[in-house]
Amino acid sequence: MARLNHSTLRRLQNLPQIPSVWEGDRRPMTPDTNLTSLDADSEATGECIIWVDGSQGMVRAMDMVPSDMGPEAIVRTLLRAMEHPQSPAPVARPQKIVVKDREIQFFLRGVLQDLEIVIEYVPDLPLIDEIFRGLQEVAESRPPQLPLQYAEIVTEKAYQIWQDAPWERLGEHQIISIELNLFGIDTLYISTLGKLGMDYGVLMYRSLDSLKRFRERVVRNKSYDNLEEAFLTQDCLFVTFDREDDLEEDDENFVNITTLPLSEIEPNFGNLHPLEGLRSILYDEEAAVVLVALEALHRFLRDHRQKLVRYQFPNLSRRYRIPINLPDGEKKQVSVKVETLPDIADELAAMTSDEESETDEEFEIEVPRLRDDLVPPKSFLSLGVVPWETAKYLRNNTQFHQAAETEIPEVGDGLPVVVIQTSKPKAELLIHSLQEAGGLEGICFNPGEDPTVGQTYDLGILKTEDGDLHLFGEFIEDDPVHQEARKKWEQRCKKTKGWCGLIIAMGLTGASRGQPQFKDMMALLEVRSIPPQELGLGPLQLIPAPF
């Protein structure tokens, strides 16, 4: 049995002993029980340890611990109850402790034998029983995130939207309206999150004015001060997608959740209103409205998938009749009209472009655009080398070849290359996009950082002949695997006088994933390796999305 060390024992012996009886116990808690109102120090789930002063009727200390944690945990909470009570109570040790567990009684007797505290067993602890009953009642009375009658169907529709991935086709400024005339809401204005690869979701604004005001405040707020205040002025319903909490806590590195299986994605629902703030609960009428909106959006995306592509946002309109069970049990066919709003999209985009123009004029510099829409999402990226014989083969046997301006010296173990592997249709679209841009000018690695997590990155950038810069990868700078790959990349580029290559391959989901074969390689572009100083960007800093 562990014992208190001498210095701790002397410190506790110097505490004043008060004529009071404390109750102590540890009990399993349901996952939904909320202890935040009692300032539990731990966020763990499992069992709750509690110490109360029965004479004063107050909680002195409380902790949540894993169920398999040993009896030492109850002593740690007791010592905190003596020296650092969470309630406004004096620092002290009790005259007597009562517990209803024989094992806890014997353990405490052994540990506390030099503190002159009587440890007794009692069959019941009425004060602690009352506290736990209250906690359980609070947990049971708390409304769920979605009403029971809508929980399954709304969650199912949310997963449909996740698989539709509207953020791959729509920018945040490209607004879709859903006219539904339900529960006092005439029209919802849909904006998607996900273009930046950080936050994914669908915002359903109850008014166009709210959407415009929020976007304007964010764009005009150069210093990002009072961003939280601007966030809370929105009037919208929302569904956002996150990684399941229990998985996210174990992952120290950022993971783009679009690469995860569906089983690891969790939709979250809520409401924002200037007078109500953020509420992570939908009530009956709100859940019904979200259900209709998500189903309408899903059908619209399905019907117009070929027409909604990056940078193309034509006038589209479609009507649907959507069946729904109303909160009062009535079954109804809701008639909705879904349409794109290109004029609104241009107006919202102009807010950003006007701001960028003002900034450029103020500083009298031309800042190249860094875009992230060229390389298809979920592509497999690798940094390596192809032997010179392979390079010769690819020059004559690929769908598209962009030759170097001069002959590349065949020195070293091969041509340093970046490989982008995706599906065949997306590879063809990528090749077409590069051709439309006049070809590829070069490949660069530029420093970047995410101040929110204190992480630095090596940003892979493609520069096209039209002057645009395209982000193709974010590599963690201190990753030893990437460090070794970059070191070899620099050494090989030095031997080839700065020449390197980009290989575009298909076969993302097949047996050749990560190791494309000759038959999978669709394009070879031979270009210069551009030093970051030539781009003149300096370290790039990630600015979090406002939602």
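Residues numbered from 1 in each chain as written. Predicted model: local features only at pLDDT ≥ 70, side-chain atom pairs only at ≥ 80, totals over all residues. Heavy atoms only, no water.

A. Summary view of the overall build of the protein chain. Each helix and strand in the protein chain was counted, giving 14 helices and 23 strands. Considering the protein chain as a whole, with its 547 residues, one finds that 47% of them fall into the buried category. Counting contacts in the protein chain only where the partners sit at least 6 residues apart, residues at least 24 apart contribute 68% of the total. (Helix = DSSP H or I, 4+ residues; strand = E, 2+ residues; numbered from the N terminus. Buried < 20%, exposed > 50% of the residue type's maximum accessible area, 1.4 Å probe, protein only. Contact = heavy atoms within 4.5 Å.)

B. Geometry of the confidence of the model for the protein chain. For the protein chain, per-residue confidence averages 84 on the pLDDT scale, and residues scoring 70 or more make up 85% of the total. Within the model, pLDDT remains below 50 along residues 32-44, and this stretch shows 26 contacts once partners closer than five positions in the same chain are excluded. Predicted confidence for residues 356-367 stays below pLDDT 50, and this span has four contacts to residues more than four positions away or in other chains. (pLDDT = per-residue confidence, 0-100.)

C. Spatial organisation of the nonpolar core. Judged by nonpolar contacts, the single largest core of 50 residues is most densely connected at Met204, Phe241 and Val336. Looking at this core, the element that brings in the most residues is helix α9 (residues 284-303), giving twelve residues. Residues within four places of Phe241 in sequence aside, it is in contact with Ala158, Trp162, Trp167, Tyr200, Gly201, Ile257, Ile265, Glu266 and Pro267. Membership of the second largest hydrophobic core comes to 25 residues, among which are Leu15, Ile74, Phe107 and Leu115. (Core = buried A, V, L, I, M, F, W, Y, C linked by side-chain atoms within 4.5 Å.)

D. Representation of the sheet that holds strand β8 (residues 200-205) within the structure. The strand order β11-β10-β9-β8-β7-β6-β13-β12 describes an open sheet built from eight strands, whose pairing is antiparallel. Across the chains shown, the open sheet's two edge strands, defined by having one partner strand only, are β11 (277-279) and β12 (317-325). The sheet shows a mean angle of 25° between the axes of neighbouring strands, taken without regard to direction. In this sheet, strand β7 (residues 185-193) lies alongside strand β6 (residues 176-182) in antiparallel orientation, the contact comprising five bridges. Within β7, the position partnered with Ile178 by the bridge is Leu188. (Pairing = 2+ DSSP bridges. Axes fitted to C-alpha atoms, helices over the stretch in contact; angles between N-to-C directions.)

E. Summary view of α9. Here α9 contains 20 residues, and its C-alpha end-to-end distance of 29 Å stays within 8% of the 28 Å for a straight helix at 1.5 Å per residue. Where burial is concerned, most of α9 is hidden: 16 out of the 20 residues are buried. (Expected span 1.5 Å × (residues − 1).)

F. Expanded view of the packing of helix α5 (residues 148-164) against α9. Where α5 contacts α9, the axes come no closer than 9 Å and their chain directions differ by 30°. Taken together, α5 and α9 sit at an angle that is classed as roughly parallel. In this structure, α5 crosses over α9, and the sense of that crossing is left-handed. Residues Gln149, Tyr150, Ile153, Val154, Lys157, Ala158, Gln160, Ile161 and Asp164 of α5 lie in contact with α9, whose contacting residues are Asp284, Ala287, Ala288, Val290, Leu291, Leu294, Glu295, Leu297, His298 and Leu301. (Parallel < 35°, antiparallel > 145°, perpendicular 65-115°, else oblique. Left-handed = near helix turned anticlockwise from the far one by under 90°.)

G. Seen up close, the packing of aromatic side chains. Scanning all chains against the criterion turns up ten aromatic pairs. Relative to Tyr200, the ring of Trp162 has its centre 5.8 Å away and its plane inclined at 80°; by these criteria the two rings are edge-to-face. Here the residue Trp162 occupies a position in helix α5, and Tyr200 occupies one in strand β8, the gap between them amounting to 38 residues. Taken individually, Trp162 and Tyr200 each receive the classification buried, so the pair is uniform in this respect. Ring plane angle 65° and centroid distance 5.4 Å describe the contact between Trp167 and Tyr200, whose orientation is recorded as edge-to-face. (Phe/Tyr/Trp six-rings, centres within 6.5 Å; stacked < 30°, edge-to-face > 60°.)

H. The arrangement of the pairing of β7 in detail. Among the nine residues of β7, eight are classified as buried, and the element is accordingly described as predominantly covered. What sits between the antiparallel neighbours β6 and β7 is a turn of two residues, in which Phe183 has the positive phi angle 50°. When β7 meets β8, the two strands line up antiparallel, connected through five bridges. Following the sheet pairing, Thr192 is matched in β8 by Val202.

I. Spotlight on the pattern of salt bridges. Taken as a whole, this structure holds 28 salt bridges when the rule is applied. Of the charged contacts, one joins Glu410 and Lys392 as a salt bridge, the two residues approaching to 3.9 Å between their closest N and O atoms. Here Glu410 is found in the loop between β16 (400-402) and β17 (415-421), whereas its partner Lys392 is found in helix α11 (residues 388-397), with 18 residues between them in sequence. Accessibility expressed as a relative area gives 42% for Glu410, which makes it partly exposed. (Salt bridge = Lys/Arg side-chain N within 4 Å of Asp/Glu carboxyl O.)

J. Geometry of the sheet that holds strand β3 (residues 58-65). Taken in spatial order, the five strands of this open sheet run β3-β2-β1-β4-β5, and their pairing is mixed. Every interior strand has two partners, whereas the edge strands, β3 and β5 (118-121), have only one. When strand polarity is set aside, the average angle formed by the axes of neighbouring strands in this sheet is 20°. Inspection of the sheet shows strand β4 (residues 93-99) paired to β5 by four bridges, in the parallel sense. Bridge assignment links Val98 to a residue of β5, and that residue is Glu120. Helix-sheet contacts for helix α2 (residues 72-83) involve β1 (17-28), β2 (47-53), β3 and β4, and the interaxial angle to β3 is about 145°.

K. The packing of α2 against helix α3 (residues 102-111), seen in detail. It is the contact of α2 with α3, at a shortest axis distance of 10 Å, that shows an interaxial angle of 60°. Looking at the two axes, α2 sits oblique to α3. With respect to the hand of their crossing, α2 and α3 are arranged in right-handed fashion. Facing Glu72, Ile74, Val75 and Leu78 of α2, the residues of α3 in contact are Ile104, Phe107, Leu108 and Val111. Each residue belonging to the contact of α2 with α3 can be placed in one class, and the counts come to seven nonpolar, no polar and one charged. (Nonpolar A, V, L, I, M, F, W, Y, C, P; charged D, E, K, R; others polar.)

L. Looking closely at α5. Here α5 spans 25 Å end to end across 17 residues, near enough to the 24 Å set by a 1.5 Å rise per residue. Buried residues of α5: Tyr150, Val154, Lys157, Ala158, Ile161, Trp162 and Asp164, and no others.

M. Region of the structure containing the side chain of Thr464. If you trace the backbone, Thr464 turns up in strand β19 (residues 455-464). At 2.5 Å, the side chain of Thr464 and the side chain of Asp466 are in polar contact. Among all residues touching Thr464, those that are not within four sequence positions of it are Leu434, Ala437, Gly439, Leu440, Glu441 and His470. (Polar contact = N/O pair within 3.5 Å; in protein donor to acceptor, adjacent residues only side chain to side chain.)

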